[in-house]
Amino acid sequence: MSARLNFASSVLAALSGVAYGAPFQNALLPAGVQADHVHTLWLIMLGTCTVVFIALFTAFVAALWRAPRSTEETPPQTSRTTGTERGATRAVALGAALSIAGLLGLLVASVVTDRALAGLPLKDGLVIEVNGQQWWWQVTYAPGDPSRTFETANELHIPVGRPVLLKLQSPDVIHSFWVPNLAPKKDLIPGRTLTLTLRADTPGVYRGQCAEFCGYQHAKMAFLVIAEEPAQYEQWAQSQHDSAKEPADAVRKRGRQVFMESPCVMCHAIQGTRANARTGPDLTHVASRMTLAAGTLPNTRGHLAGWITNPQQVKPGANMPAVTLPADDLQALLTYLESLK
Amino acid sequence: MSRDIPVGRGEPSPDENGKLERAWGTPPGLVGWLSSIDHKVIGYRFIVTAMAFFAAGGILAALMRLQLAVPENSLIGPDLYNQIFTMHGTTMMFLFAVPVMQAMGVYLVPLMVGTRNIAFPRLNAYAYWIYLFGGLMIYTAFALDIGPDAGWFSYPPLAGPEFSPGKRVDFWAQLITFTEVSGLLTSIVLITTILKLRAPGMTLDRMPLFVWAILVTSFMIMFAMPAIMFASTGLITDRLVGTHFYNPAEGGDAMLWQHLFWFFGHPEVYIIFIPALGFISSIIATFARRPVFGYPVLVLSMIATGFLGFGLWVHHMFATDAPELGKSFFTAASMIIAIPTALQIFCWITTLWNGRLNFRVPLLFVLAFFFILVIGGLTGIMLASGPLDLQVHDTYFVVAHLHYVLIGGAVFPLFGAFYYWFPKITGRMLNERLGRWNFWLFFIGFNVTFFPMHHLGLYGMPRRVYTYPANVGWSDLNAVATLGAVVIAVSMLLFLVNVIRSYRSGARSPHDPWSAPTLEWATASPPPVYNFARIPIVASREPLWGPSGIVGRVDGLSMDPPENLVTCVLDAAPDHRSVYPRPGIWPFLSAVATTVLFVGSIFTPWAIVWGAVPVAIALTAWFWPGKDEIDEHLALERKP
Amino acid sequence: MSRPQEQVVDATQLPSYAFGNRSLMWWGTFGMMAIEGMVFALACIVYFYVRTRVDEWPPDALPPELVWGTANTLLMLLSLVPNEWTKRAAEAEDLPKVRIGMWICVGFGTAFLLLRTLEFTALNVRWDTNAYGSAVWMLLALHTIHVATDFWDTTVLAVLMMQDRIEGKRYVDVSENGMYWYFVVLAWLPIYAIIYFGARVH
Ligand code: HEA
Ligand code: HEA
Ligand code: CUA
Ligand SMILES: [Cu+2]
């Protein structure tokens, strides 16, 4: 399809409320109650504003149409010859009255939506702490509950139908947490904890992205929210809670050794090993994730290798240095990391 | 209508004219050139400089569009892209939009109110030089790869010492100081001119709407810009001497910056918008061949917008933890401000409806306003709604909104104003055919560029990203937007060609080519250095329309040394004479000294101390009267 | 085209300067005061904003010592007497009195600056200790800049008034200088209260 056709169809699509962009990162395709409230508000806004625009534009075109033409030579009417112009006064007053009514309507719609958003019941909600940092997301489930807590990065799993309370924090600069299909956004502000509530109602994989400019790699600070059936979610949570398995074979053992002996250990944690640094993402279950480096790469062995050997090429400025390893060490490391399911 | 110059019967003799030329004129040579304090010369330079920055900002925009044309593009990397979008936003807001509006005021207001020169002409020249030097400083930094890269609102902590080491943000913060000093001084100059130098008989309710617009804008600047000056000073001391205003670890707060910035930033957008409303009123009146309907409504609407504009700032911060109730208040306030805008739009449509229309290029540009600004205003209403804003905040939806309002609300009317006043400024007409091409390409290109951005925002595209993946469905619309930007660039090139050609060899313009109502058209095109040999006495809002507009003249002002008439604030009754300074180099030298202080302080705080010495010397020399001058003045003196 | 009888204003009959808000100078000074007053107001608001962000006030510091600040405040209030006296002398165009008054004001200005230096040493907090320190130093520094510029203006004007040929509009300058002096002193009162008692009142 040509760009122009796409454009035209996107206009039509938007006007009819159907989305054209990708379904997994789209405010017009709500998959959760909060996004749904806002979507309804959007339709009200769009409808009202379309009516206002058409009315105003019609009056404008009619004015141009009916007014006689002139040149510089046409003698001007002056204040004294134009008189009081009752009709004009009435038209302006009517327009003002209608505008006030319209705006009042939109204000009410907006406040009602605000109430609805705040009214999401949080009973037996899931609490997740999200730490946005340059340029990845540290995610802690059940913070403060040692028996259930675990940490992951750049990927949230949530059970469908259950409310989620996100506690948003930042150790460095301001970021913003935004999954358009599920909920409106909220900033992560250093020195404060903000909260965001959401509930996914349709299972699926939704992409989110940092929305507040946060420096160099703001463009590549994405994440995924995977909304799944509660049973599936529980299974996932259990597996994430477990420590990393003991390496099953020599190659993997070697891989772990490489990890522990190279700079990796200074920044990353792998539960069940002595690696417990928190500068970079927790890698205990890195192989279970769909992407690498905050949504930058699909999680495959090739990309993992590329990332480890040269993160600065994949994501210039990222806070992970390139680490050079002998070829077989690298292979062993990759095999080990791939086993961290 | 007669085509003779209406102000000037009872004309001075050629000899007197020569005297006036000498007293008000710019001396020859480079030093003379730097010494000029004629508001037309300064205003003209101001406009040209602002347009040069517009071209620079526009070229940066074109580069961004090229980078974003396709996904995963490697044309421009993150480091350069971040500098480019920051420079684009900063240039457009601080070096183009506000200055160009003030510049038009500096050029036009004294002519429109019928005075010989602006109030405090040396301060006016100083303000121009400060602005120029600030702009040159930031572009020098950019050329040396130390351009700012934290966005046009540079939120700390990102812009703070820890996360933006190096000098980049310091240059940005200091640019703010330059532009604010310039903007604030210019607003004092304009307010004094408007309140104290109007021609006798031009009571407040006879002032042209453009003059009202500049008056409201200047007051807004006076109360808005101190906030950003304070904010950027705090930022620079945080960065250079270790204060903690925005450092949460030491009791400061990142949100403090946002409050201060937007307390300025929101009024800022109306500071750009309101002068454009003045252009629209001027142009519609002339080309509908009748006064604009509802003069008091328009004046009150502008004043209301000026006040309300200070009550909306939190609508830029809905995604932070501002209290819910407060957010609803700011939603309501943001919607209320639509009412004065709506009233003005209704009055203009009514004027067009009852007018007789002359579809020349200036009118075309103004008519585009009714399409583009209304769309932008309506998306503004959507953004004003807290919940909806939280979906589209910091996305391309906001980028679409801001260009619809800024370009539709300010740039299109500004181009209309150029076509309208170019003959007054240069004495030549811009080419009408090229003008129409310029207009239509701009109009079409604009909508093709920015309309799809609404969708991009709803489809999840954040702003300020240097690239995006291929699988998120943004590629086509971005390609379309880039295509549109090319069309805009072509239209801008046509404008440039038109200006250059017409300046050299365009048709000569009579003093009043459009048969317009206001006083600037009552003097020659281009106007003589002293504007009016005899200050007119006016008796209506449209002094050039109808026989009883200009009812007399002021005699007896000294030709040499230059003297101007000061009138009363409300009724513009003649009050006293004021001897004007002659051109002088000190405003320029003071600006150089100030620049040394400002730029030096980026590198060491001690520059504030030693830099103050040359500044104090220059300012004192500026103030100090010459011996001959005192004699001249004493000869003219008459006690109150 | 025929026109009605032209009105003619004869400007030679008008005075060549005027006092108060009739003069351009008044409006220029007024503009500066509005801008600077806004800056002061913001600086005060920032002080209170910072205060909402911490539990203990003043954080990690003793309140500023009162002695120098209070002495300076009293001196500033006292200076309003010669200031008003000079302003009136200027409006009466009484040159000898203006000269005496101006130099008295210069003397007061010198004393303000000396005391101000001592004030900075008595704040009990550094600008880089914490945000409270930054806010206090900013308030005091902003005001000091005004005291210093006003001191310089006054000195230059005082020297100018010693010349033998004085234009009438110089008296307007002296009068506006007096108005600005009022501004500098009156703006100090809330700043004084905030710096010295903001840290004491809970
Ligand atoms: C000329 C500049 C200009 C103008 C005039 C406006 C006008 C308005 N703007 Fe806009 N705005 C900007 C420039 C401007 N804006 C910029 C530059 C930004 C981005 C800054 C940044 O982040 O970089 C911004 C961002 C911005 C935001 C923050 C978005 C975000 O970051 O999330 C909001 C939110 O409320 C907003 C609202 C409004 C509103 C309500 C108006 C209103 O004044 C509009 C009023 C006009 C109308 C509504 C049309 C006519 C009215 C009628 C016909 C009446 C009938 C109407 C109805 C019944 C609906 N603007
Ligand atoms: C008055 C203000 C103004 C104006 C006129 C413009 C004009 C344009 N803007 Fe800008 N824009 C802003 C104010 C403005 N912008 C602001 C405040 C931001 C936010 C910044 C931030 O986030 O910090 C922004 C951000 C912004 C972005 C988002 C960047 C991002 O978030 O990553 C984009 C992207 O497309 C863009 C594009 C454009 C384009 C294509 C034009 C075009 O209309 C430009 C047309 C002009 C020209 C092309 C120049 C004139 C040309 C000549 C004289 C001839 C020679 C030129 C060539 C041959 C190319 N702008
Ligand atoms: Cu994090 Cu943008
Ligand atoms: Cu705003």
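Note that the structure is predicted; figures quoted are calculated from it, not measured. (Residues numbered from 1 in each chain as written. Chains lettered and ligands numbered in written order. Predicted model: local features only at pLDDT ≥ 70, side-chain atom pairs only at ≥ 80, totals over all residues. Heavy atoms only, no water.)

### Some points on helix α12 (residues 361-384) of chain B
All names here are of chain B.
Step number 1: With 24 residues, α12 should reach 34 Å at 1.5 Å per residue; the first-to-last C-alpha distance of 34 Å fits that figure.
Step number 2: At F370, α12 shows its largest kink, close to 30°.
Step number 3: The buried fraction of α12 is high, at 22 of 24 residues. (Helix = DSSP H or I, 4+ residues; strand = E, 2+ residues; numbered from the N terminus. Expected span 1.5 Å × (residues − 1). Bend = angle between axes of the 7 residues up to and from the residue. Buried < 20%, exposed > 50% of the residue type's maximum accessible area, 1.4 Å probe, protein only.)

### Here we look at a nonpolar patch on the surface
All names here are of chain B.
Step number 1: A surface patch of nonpolar side chains, about 610 Å² in accessible area, is lined by V592, V596, W606, I608, V609 and W610.
Step number 2: For the nonpolar patch, the elements supplying multiple residues, two or more each, are α17 (586-603) and α18 (607-623).
Step number 3: With three residues, α18 is the largest single contributor of residues to the nonpolar patch.
Step number 4: Its location among the elements puts V592 in helix α17.
Step number 5: On the basis of relative accessibility, which here comes to 31%, the residue V592 falls in the partly exposed class. (Patch = residues over 30% accessible without salt bridge, like charges linked within 9 Å, V, L, I, M, F, W, Y side chains within 5 Å. Areas by Shrake-Rupley, 256 points an atom, 1.4 Å probe, with all protein chains shown as cover. Salt bridge = Lys/Arg side-chain N within 4 Å of Asp/Glu carboxyl O.)

### Quick word on the site of ligand 2
Residue and element names in this part refer to chain B.
Step number 1: Taken together, 32 residues lie near ligand 2, and R65, Y81, H88, H403 and R464 sit nearest.
Step number 2: Take Y396: an N or O atom from its side chain is 3.5 Å from an oxygen atom of ligand 2.
Step number 3: Among the residues making up the shell around ligand 2, the classes are represented as 24 nonpolar, five polar and three charged. (Near = heavy atom within 4 Å. Polar contact = N/O pair within 3.5 Å; in protein donor to acceptor, adjacent residues only side chain to side chain. Nonpolar A, V, L, I, M, F, W, Y, C, P; charged D, E, K, R; others polar.)

### Focus on the packing of helix α9 (residues 295-308) of chain B against helix α11 (residues 338-353) of chain B
Residue and element names in this part refer to chain B.
Step number 1: The contact between α9 and α11 brings their axes to 9 Å, and the two run at 160°. As far as their axial angle goes, α11 and α9 are roughly antiparallel. For the pair α9 and α11, the crossing hand works out as left-handed. Note on element contacts: α11 touches α9 through P340, L343, Q344, C347 and W348, opposite V297, L298, S301, M302, A304, T305 and L308.
Step number 2: Residue classes in the contact of α9 with α11 are distributed as nine nonpolar, three polar and no charged. (Axes fitted to C-alpha atoms, helices over the stretch in contact; angles between N-to-C directions. Parallel < 35°, antiparallel > 145°, perpendicular 65-115°, else oblique. Left-handed = near helix turned anticlockwise from the far one by under 90°. Contact = heavy atoms within 4.5 Å.)

### Side note on the sheet that holds strand β10 (residues 222-228) of chain A
All names here are of chain A.
Step number 1: One open sheet accounts for three strands, arranged β4-β10-β9; its pairing is mixed. Edge positions in the sheet fall to β4 (155-159) and β9 (204-209), since each of these pairs with one other strand and no more. Geometrically, the sheet is characterised by an average inter-axis angle of 25° between neighbouring strands, direction not taken into account.
Step number 2: The strands touched by helix α5 (residues 230-241) are β4 and β10; relative to β4, the strand with the most contacts, the crossing angle is about 135°. (Pairing = 2+ DSSP bridges.)

### Side note on the coordination of the iron atom of ligand 2
All names here are of chain B.
Step number 1: Coordination sphere of the iron atom of ligand 2, protein contribution only: H88 (NE2) and H403 (NE2), at 2.0 Å.
Step number 2: Of note is the iron atom of ligand 2, whose six donor atoms meet at the metal with angles of 86 to 179° in an arrangement that counts as octahedral. Note that H88 is positioned in helix α4 (residues 78-113) and H403 in helix α14 (residues 396-426), a separation of 315 residues in sequence.
Step number 3: For H88, a relative accessible area of 12% puts it in the buried group.
Step number 4: A relative accessible area of 14% places H403 in the buried class. (Donors = N, O, S within 2.8 Å, 3.2 Å for Na, K, Ca; no water. Tetrahedral: all angles 85-135°; square planar, octahedral: opposite > 155°, others 65-115°.)

### A few points about the interface of chain B and chain A
Step number 1: Taken residue by residue, the interface counts 100 residues in chain B and 92 residues in chain A.
Step number 2: For the pair chain B and chain A, the summed buried surface comes to about 8,200 Å²; carbon and sulfur atoms form 66% of the total.
Step number 3: Here chain B and chain A share three salt bridges between them.
Step number 4: We note a salt bridge from B:R360 to A:E72, for which the minimum N-O separation is 2.8 Å.
Step number 5: Put simply, chain B and chain A have 25 residue pairs in polar contact (both at pLDDT 80 or more) between them.
Step number 6: Of all elements in the fold, only α4, α8 (254-287), α10 (324-336), α11, α12, α13 (386-392), α15 (432-458) and α16 (475-505) of chain B reach the threshold of two or more residues within the side of chain B that touches chain A.
Step number 7: Top contributing element to the side of chain B that touches chain A by residue count: α11(B), with 11 residues.
Step number 8: Partitioned by chemical class, the residues of the side of chain B that touches chain A number 58 nonpolar, 24 polar and 18 charged. (Buried area = accessible area lost by both parts, 1.4 Å probe.)

### Observations concerning the environment of B:V529
Residue and element names in this part refer to chain B.
Step number 1: Position of V529 relative to the elements: it lies in the loop between α16 and β1 (536-538).
Step number 2: With 504 residues separating them in the primary sequence, V529 and G25 have C-alpha atoms 5.8 Å apart.
Step number 3: Those residues in contact with V529 that lie beyond four places of it in its chain are L20, E21, W24, G25, D38, K40 and R116.

### Structural notes on the site of ligand 1
Step number 1: Inspection of the region around ligand 1 gives 33 residues, with B:W152, B:Y270, B:D389, B:H393 and B:H401 positioned closest.
Step number 2: Lying at an intersection of chains, ligand 1 is approached by residues of chains A and B.
Step number 3: One of the side-chain nitrogen or oxygen atoms of B:H401 is found 2.9 Å away from a nitrogen atom of ligand 1.
Step number 4: Every element with two or more residues in the shell around ligand 1 is listed here: α2 (33-66) and α4 (86-118) of chain A together with α8, α11, α12 and α14 of chain B.
Step number 5: Among the elements that take part in the shell around ligand 1, α12(B) stands out by supplying six residues, more than any other.
Step number 6: Of the residues in the shell around ligand 1, the class split is 22 nonpolar, nine polar and two charged.

### Concerning the sheet that holds strand β1 (residues 7-10) of chain C
Step number 1: Spatially, the three strands line up as an open sheet ordered β1(B)-β2(B)-β1(C), and their pairing is mixed. The sheet is open, and its two edges are formed by β1 of chain B together with β1 of chain C, each paired on a single side. Taken over all neighbouring pairs, the strand axes of this sheet differ in orientation by 30° on average, direction set aside.
Step number 2: Pairing of strand β2 (residues 550-555) of chain B with β1(C) involves four bridges; the strand directions are parallel. Pairing of B:D555 across the sheet is with C:D10, part of β1(C).

### What to know about the coordination of the copper ion (ligand 4)
Step number 1: Around the copper ion (ligand 4), the protein contributes the donor atoms B:H266 (ND1), B:H315 (NE2) and B:H316 (NE2), which lie 1.8 to 2.1 Å from the metal centre.
Step number 2: Of note, the copper ion (ligand 4) draws all its donor residues from one chain, in the sequence arrangement H-x48-H-H.

### Details of empty space enclosed by the protein
All names here are of chain B.
Step number 1: Within this structure, the stated rule accounts for 12 cavities of 30 Å³ or more.
Step number 2: Taken as a whole, the largest cavity spans an internal volume of roughly 220 Å³.
Step number 3: Around the largest cavity sit 17 residues that line it, and P208, L209, A285, T518 and E542 are the ones nearest its centre.
Step number 4: Looking at the lining of the largest cavity, the elements with two or more residues in it are α7 (209-240) and α8.
Step number 5: A total of four residues in the lining of the largest cavity trace back to one element, the largest contributor, which is α8.
Step number 6: Its residues assigned to classes, the lining of the largest cavity comprises 11 nonpolar, four polar and two charged. (1 Å grid on protein atoms, 1.4 Å probe; cavity = no way out; pocket = protein on both sides within 12 Å on 5 of 7 lines; lining within 4 Å. Points joined across faces, edges and corners; volume = space filled by probe spheres on them.)

### Quick look at the environment of A:I158
All names here are of chain A.
Step number 1: Take I158: it is sitting in strand β4.
Step number 2: Along the backbone, I158 and K185 are 27 residues apart, and their C-alpha atoms lie at a distance of 17 Å.
Step number 3: Other than its neighbours up to four places away in sequence, I158 contacts L126, I128, V164, L182, L198, A200, V225, I226, A227, E228 and Y233.

### Description of the packing of aromatic side chains
Residues and elements named next belong to chain C.
Step number 1: Scanning the entire structure with this criterion turns up 102 aromatic pairs over all chains.
Step number 2: On the numbers, 6.2 Å between centres and 85° between planes, the contact of Y17 with F19 is edge-to-face. F19 matches Y17 in its accessibility class, with the two residues each being buried.
Step number 3: Aromatic pair W57 and Y132: ring centres 4.9 Å apart, planes at 80°, arrangement edge-to-face. Here the residue W57 occupies a position in the loop between α1 (24-52) and α2 (66-91), and Y132 occupies one in helix α4 (residues 131-161), the gap between them amounting to 75 residues. Like W57, the residue Y132 is buried in the burial classification.
Step number 4: Seen from the ring of W188, R116 lies directly overhead, with NZ or CZ sitting 4.3 Å from the centre. (Phe/Tyr/Trp six-rings, centres within 6.5 Å; stacked < 30°, edge-to-face > 60°. Lys NZ or Arg CZ within 6 Å of the ring centre and 35° of its normal.)

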